[in-house]
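# Commentary on secondary and tertiary structure
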Amino acid sequence: MKEIKTAVLGATGLVGQTFIWLLSRHKWFDPVMLTASASKAGIEYKSGVEWSLPFELPEETGKTILSSLDYSLLSKLGIKIIFSALPSEIAISVEPKLRNRGFAVFSNASAMRYDKDVPILIPEINSEKIDLITDQGYPERGFIITNANCSTTGLAVALAPLRKFGINKIFVSTYQALSGAGFAGLNSPELRRNALPWINGEEEKITKELAEILQTETQIMPFCVRVDVPYGHLETVWVEFDIIPETFDIQQAWNDFTFRDFELPSLPSNPVKYLGPRVHPQPKMSFEGSPPGMQVFTGRLKKENNLIGFVLLCNNLVKGAAGGSIENAELFIRRYGDNL
Ligand SMILES: NC(=O)c1ccc[n+]([C@@H]2O[C@H](COP(=O)([O-])OP(=O)(O)OC[C@H]3O[C@@H](n4cnc5c(N)ncnc54)[C@H](OP(=O)(O)O)[C@@H]3O)[C@@H](O)[C@H]2O)c1
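We now turn to the structure provided with this report. Nothing here was measured: the structure is a model prediction, and the numbers come from that model.

### A few points about the packing of helix H1 (residues 14–24) against helix H11 (residues 318–336)
Here H1 crosses H11 at 50°, and the two axes come no closer than 9 Å. Comparing their axes, H11 and H1 come out oblique. In terms of crossing hand, the pair formed by H1 and H11 is right-handed. Contact residues: Val 15, Thr 18, Phe 19, Trp 21, Leu 22 and Leu 23 in H1; Val 318, Ala 321, Ala 322, Gly 323, Ser 325 and Ile 326 in H11. Across the contact of H1 with H11, the residue classes break down as 9 nonpolar, 3 polar and no charged.

### Quick word on the pattern of salt bridges
Applying the stated rule across the entire model yields 9 salt bridges. In this structure, Asp 228 engages Arg 192 in a salt bridge whose closest nitrogen and oxygen atoms are separated by 2.9 Å. Pair noted here: Asp 228 is in the loop between strand E8 (219–227) and strand E9 (233–241) and Arg 192 is in the loop between helix H8 (182–186) and strand E7 (195–196), with a separation of 36 residues, a long-range link. Owing to a relative accessible area of 30%, Asp 228 belongs among the partly exposed residues under this scheme. We note a salt bridge from Glu 246 to Lys 303, for which the minimum N-O separation is 3.0 Å. With Glu 246 in the loop between E9 and helix H10 (247–256) and Lys 303 in strand E11 (residues 296–304), this pair connects stretches of sequence that are 57 residues apart. In the salt-bridge network here, residues are joined through shared partners; they are Glu 124, Lys 319 and Glu 327.

The rules behind these values
- Residues numbered from 1 in each chain as written.
- Predicted model: local features only at pLDDT ≥ 70, side-chain atom pairs only at ≥ 80, totals over all residues.
- Heavy atoms only, no water.
- Axes fitted to C-alpha atoms, helices over the stretch in contact; angles between N-to-C directions.
- Helix = DSSP H or I, 4+ residues; strand = E, 2+ residues; numbered from the N terminus.
- Parallel < 35°, antiparallel > 145°, perpendicular 65-115°, else oblique.
- Left-handed = near helix turned anticlockwise from the far one by under 90°.
- Contact = heavy atoms within 4.5 Å.
- Nonpolar A, V, L, I, M, F, W, Y, C, P; charged D, E, K, R; others polar.
- Salt bridge = Lys/Arg side-chain N within 4 Å of Asp/Glu carboxyl O.
- Buried < 20%, exposed > 50% of the residue type's maximum accessible area, 1.4 Å probe, protein only.

Pasting the structure below:
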């Protein structure tokens, strides 16, 4: 039985849709309130959404009536956990209000991500950061926990097990899916059969967030490019290490990066899966893996002088957004119970 009542804010957007799909399969969390922009309040979810995932819209959710964000209704419905897929400019005023009213907010927006008491949480890397919620006033108040930016997440997960070799420099080029720019990006005619060699703010986010998540002052040099692919961010990475490993050492480090006893339903037992030296990973396999969309796929390992190179793929909507938030909420429940 699903026991924990939740709300999804921005439920009709691409991250919101991903929450809907994942929560329809989740055993703990029941999404009882869905919101979109005010003009859609009162209509059925299936009429208010332009469903864009490569799966059917869950039938029951399709009949849910979209609400406007009503703080007292949230409490009346017994909702404790809020999954936020709001645009950052809306999140910046809404999320702190929710925190002040005692809710646990798991957010995908960048609005609150850089506050010093707000964790950028990836349980397989920095689960201890969850305790920052006490600096926000929990348990007397609610709290906000954020995900990393979607292009940072895959890179952080692939690099975390390689820190033991001493990372000196990171060069990364991203090939980011249209869905990373939300519904508008997925449907933008300018991006058809095209690539855009600049994504506003993205390179700065990677640099700042990767340093924070990996706790490193290593130099990070990103190029971010939007490409005409619907889902899945591909990244090519070169890393300079202190102790120059062989490619099989890297493969071994990824294989050994396992979480069999962590007991979070959304955490893969092997967060990084190496797929071999040639044609993989490819964005069309974004929703594969176990759990689907939550593993980071790597491939094309090579060594040139003192550099190790590889390609990675991260599902921007699942691991890089909604799935990451759900995993963070699972970690909260495991660590603190549903004490809200
Ligand atoms: N896309 C990704 O891969 C990704 C990854 C990581 C993080 N994020 C972050 O996640 C958030 C959502 O991204 P997205 O890609 O899902 O965007 P999106 O497709 O544009 O969806 C935005 C959602 O917010 C709702 N909304 C818009 N204006 C609103 C308002 N004034 N009040 C209340 N709701 C409003 C929209 O409702 P309507 O349908 O009514 O317009 C829609 O449900 C953003 O902060 C983004 O930066 C995205």
